[in-house]
Amino acid sequence: MGGLLAARALSGHFERITVVERDLLPSGETVRKGVPQSAHAHGLLASGYRVMDDYFPGMMDELEAAGAPRGDVVGDFLWFQYGRWKLRHRSGLRGITVSRPCLEAAVRRRVKAIPNVTFLEGADGVRPTFDAAAGRVTGLVVRSRDRSVETTLEADLVVDASGRGSLSPKWLEELGCGRPEEVSVKVNVGYATRTFVRQPGDFFSAMGGIVSGTPPESTRYAAVLAAEADRWVVTLVGALGDYPPTDEKAWAAFAATLPVSAVHELVTSARPLTDIVTYRFPANQRRLYERMRRFPSGYLVTGDAICSFNPIYGQGMSVAATEAKALDDSLAPGLDGLSQRFHVRARKIVDIPWAIATGEDLRFPQVEGRRPPGFHLVNRYLERVHAVASEDPVVCRKFFDVLNLLASPSSLLSPVVAWRVLARSAPKGIGSPLGKTRPEPASSTPG
Ligand SMILES: Cc1cc2nc3c(=O)[nH]c(=O)nc-3n(C[C@H](O)[C@H](O)[C@H](O)COP(=O)(O)OP(=O)(O)OC[C@H]3O[C@@H](n4cnc5c(N)ncnc54)[C@H](O)[C@@H]3O)c2cc1C
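Small disclaimer: the values here were computed from a predicted structure and weren't measured.

The rules we used
- Residues numbered from 1 in each chain as written.
- Predicted model: local features only at pLDDT ≥ 70, side-chain atom pairs only at ≥ 80, totals over all residues.
- Heavy atoms only, no water.
- Helix = DSSP H or I, 4+ residues; strand = E, 2+ residues; numbered from the N terminus.
- Near = heavy atom within 4 Å.
- Polar contact = N/O pair within 3.5 Å; in protein donor to acceptor, adjacent residues only side chain to side chain.
- Areas by Shrake-Rupley, 256 points an atom, 1.4 Å probe, with all protein chains shown as cover.
- Pairing = 2+ DSSP bridges.
- Axes fitted to C-alpha atoms, helices over the stretch in contact; angles between N-to-C directions.
- Parallel < 35°, antiparallel > 145°, perpendicular 65-115°, else oblique.
- Left-handed = near helix turned anticlockwise from the far one by under 90°.
- Contact = heavy atoms within 4.5 Å.
- Nonpolar A, V, L, I, M, F, W, Y, C, P; charged D, E, K, R; others polar.
- 1 Å grid on protein atoms, 1.4 Å probe; cavity = no way out; pocket = protein on both sides within 12 Å on 5 of 7 lines; lining within 4 Å.
- Points joined across faces, edges and corners; volume = space filled by probe spheres on them.

Looking at this model, I keep getting lost on unusual backbone geometry. Mind explaining?
The general pattern is negative phi for most residues beyond glycine and trans for most peptide bonds. Going from Pro215 to Pro216, the amide bond is cis rather than trans, its omega being 0°. Relative to the helices and strands, Pro216 resides in the loop between β12 (208-212) and β13 (220-227). Even without glycine at this site, Ala229 takes up a positive phi of about 60°. Topologically, Ala229 is positioned in the loop between β13 and β14 (231-238). The phi torsion at Leu405 lies on the positive side, around 65°, for a residue other than glycine.

Sorry if this is basic, but what is going on with the site of the ligand here?
Around the ligand lies a shell of 29 residues, among which Gly2, Glu21, Arg100, Asp304 and Met317 are the nearest. Ala41 is positioned with one of its backbone polar atoms (N or O) 3.4 Å from an oxygen atom of the ligand. Asp124 places a side-chain nitrogen or oxygen 3.3 Å from a nitrogen atom of the ligand. Protein burial of the ligand: of its 1000 Å² of free accessible surface, 92% is covered by the chains.

Looking at this structure, I do not really get the sheet that holds strand β7 (residues 123-131). What am I missing?
Sheets are built from strands paired through backbone hydrogen bonds, the pairs being either parallel or antiparallel. Read from one edge to the other, the open sheet built from 3 strands follows the order β7-β8-β9, with strand pairing classed as antiparallel. Each edge of the open sheet is held by one strand with a lone partner, namely β7 and β9 (150-154). Strand after strand, the sheet turns through a mean of 30° between neighbouring axes, direction not considered.

Before we go on, may I ask you to explain the packing of helix α1 (residues 2-10) against helix α8 (residues 316-330) in this structure?
For any two helices packed against each other, the geometry comes down to the angle between their axes and how far apart the axes lie. Taken N-terminus to C-terminus, the directions of α1 and α8 make an angle of 20°; their axes are 8 Å apart at the nearest point. With respect to each other, α1 and α8 are oriented roughly parallel. The handedness of the crossing between α1 and α8 comes out as right-handed. Residue-level contacts link Gly2, Leu5, Ala6, Ala9 and Leu10 of α1 to Met317, Ala320, Ala321, Ala324, Leu327 and Asp328 of α8. Taken together, the residues that form the contact of α1 with α8 break down as 9 nonpolar, 1 polar and 1 charged.

Could you clarify how one ought to interpret empty space enclosed by the protein in this entry?
Empty space among the atoms becomes visible once a probe the size of a water molecule is rolled across them. Inspection of every chain in the model, using the stated rule, returns 1 cavity of 30 Å³ or more. Counted as a void, the largest cavity has a volume near 40 Å³. Tallied by class, the residues present in the lining of the largest cavity amount to 2 nonpolar, 2 polar and 3 charged.

What is the right way to read the layout of surface pockets from this model?
Counted as a void, the second largest pocket has a volume near 280 Å³. In terms of lining residues, the second largest pocket is bounded by 22 residues, among which Val31, Ser38, Ala39, Thr195 and Arg231 are the most central. Elements supplying a minimum of two residues to the lining of the second largest pocket: α4 (100-112), β11 (181-197) and β14. By residue number, the principal contributor to the lining of the second largest pocket is β11, which donates 3 residues. Here the lining of the second largest pocket is built from residues that sort into 8 nonpolar, 8 polar and 6 charged.

Structure, rendered in structure tokens:
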């Protein structure tokens, strides 16, 4: 996804762009080897939706026509966090729920249709070529999958969008630039996902929902995302090694331990379409390319290759999209100083989702990492934000602006928000999933 979006961004600035992809790309919407996480729930935040909608006009209409629900990410989606349902209301934050393979295929079709973009499939990027005297990368060595052919693609710019397993740290070291500093926060998250038939009247109507246990007491979460072709993608998640099981009954029993019963009711009543598939995610991982003292020109890194976040916060694709936009903007003054310009902007883009993801993860005392001064105080304030956001539309909207990476977490401390958060007495009970949007179907179970 990071590579496709970068190609779209570059297409307005270069004569020819080649997307080098290790996999042979499917024509349809299947989970492929290079992106095994595709089988699991992939939420697109409002920030990512905006970039993609802007880059690919008509794509969201096409996805909606294929049955992917489009709507308001607060009004048409159910959020259960910190022991309460968030207030359901029209926030104006637009989004779509769709399976990752379907979204990726739609983006790929559009990028393939750009006249100056070509795809080299079934080819491994092996290493960049380097002009040491000029201090610049001059191309990429690529090798066919059967290892029979190795060639060099000459290029003015090489973008590494090869994901979390990126070899850029090793390549840069080999070029004599050293390695980027790396920060990681271990979380040992396990995903287990199954797809079901979606029917009108299901509790998670419209776009689906998130049900989270409250950290640090609970390490469990569920994402129920409506997808195209009348499907639910249901992902159960456990952190700190509390992995959801793969046996059907035990998997459903894991769902029964969530703080509301709605997910368990869905997975024990809806018709399954697939087996249960799993994924393990060890740690948030960030590489600080912007801090490197020596960095070759003609080269940069984007997407998960810079930073991969605990996926339960659903940030990666939206961050990759925002970085693509930043790349587009960083190219306006030309190629001179591009890598530094882009990596500094990428740092600012990554800072916020990194703070959100690791800030939540560090609530678990078992998670190792430096807690900033005032960490516990801020957490107590944020717990109040969660509570008040189940009743107060202003606080709820600001909370979702932050969650969707459209505002900085510090905006939750603005006087107008802080007053509403601190002056209101903490609401009792678990709140209501019904909200002000519209009545739920009669079969709804508030949990
Ligand atoms: C379990 C899980 C759930 C997630 N859920 C969400 C979610 O809900 N919302 C969200 O926004 N994000 C989510 N993410 C993150 C999201 O998948 C990524 O952030 C997003 O795909 C952007 O990553 P990328 O394109 O940089 O890398 P990737 O998606 O990993 O893609 C890398 C690509 O590079 C190719 N490749 C790798 N090495 C080479 C090479 N040497 N030569 C040629 N090709 C190569 C691979 O085949 C692949 O196509 C989730 C991640 C995981 C693990």
